[in-house]
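A closer look at the structure
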Amino acid sequence: MPYVIISASQGLPADQKKQLLQGASDAVVESIGAPLASVRVMLHELGDGHYLNAGVFDTQALMYQVDFIEGRTEEQKSALIAALSRSGNAVTGMPESEVRVRVVDYPKANMGMAGGVSAKQAGR
């Protein structure tokens, strides 16, 4: 399981959306070694007037939030942040200095797994 939520400016062509989703999935698998079958990626488009950056409305937005079960090393998290930033830049052309990544560790008891049990109950 990692879950990746991408928040991006509205108006990206369908092929770029697919590339963002695929790039995020690949970044997770390659940087932290997550099994592909466990990776979930969602894209949320921000409508006009729904993003404010440094006091300016409707600038280009690209942010990743990655939720996963606690236990990744600092090195794995750093590699994931770098991989997502590079992928976002490669797909959209947005400078890496403007791409944001947030990593959220959840305690095993706070993450639901298949079958309606926590990761802790599932022995993760």
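What counts, and at which threshold
- Residues numbered from 1 in each chain as written.
- Predicted model: local features only at pLDDT ≥ 70, side-chain atom pairs only at ≥ 80, totals over all residues.
- Heavy atoms only, no water.
- Helix = DSSP H or I, 4+ residues; strand = E, 2+ residues; numbered from the N terminus.
- Buried < 20%, exposed > 50% of the residue type's maximum accessible area, 1.4 Å probe, protein only.
- Pairing = 2+ DSSP bridges.
- Axes fitted to C-alpha atoms, helices over the stretch in contact; angles between N-to-C directions.
- Contact = heavy atoms within 4.5 Å.

One non-glycine residue, Ala54, lies in the positive phi region at around 55°. If you trace the backbone, Ala54 turns up in the loop between β3 (52-53) and β4 (56-57). On the accessibility criterion, Ala54 (75% relative accessible area) is exposed. Even without being glycine, Asp58 reaches a positive phi, approximately 60°. In this fold, Asp58 is placed in the loop between β4 and β5 (62-69). Judged by its relative accessible area of 46%, Asp58 is partly exposed.

With that settled, the discussion passes to the sheet that holds strand β6 (residues 100-106). Pairing in this open sheet of four strands is mixed, and the strands run β2-β1-β5-β6 from one edge to the other. Bordering the open sheet on either side are β2 (40-46) and β6, each of which pairs with just one other strand. Neighbour to neighbour, the strand axes of the sheet diverge by 15° on average, direction disregarded. Two elements, strand β1 (residues 2-9) and β5, share seven bridges in a ladder whose sense is antiparallel. When the bridges of β5 are listed, Tyr3 appears paired with Asp67. Sheet strands touched by helix α1 (residues 14-32): β1, β2 and β5. Its angle to β1, the strand with the most contacts, is close to 145°. Contacts between helix α2 (residues 74-92) and the sheet are confined to β5 and β6, with β5 contributing the most and set at about 145° to the helix.

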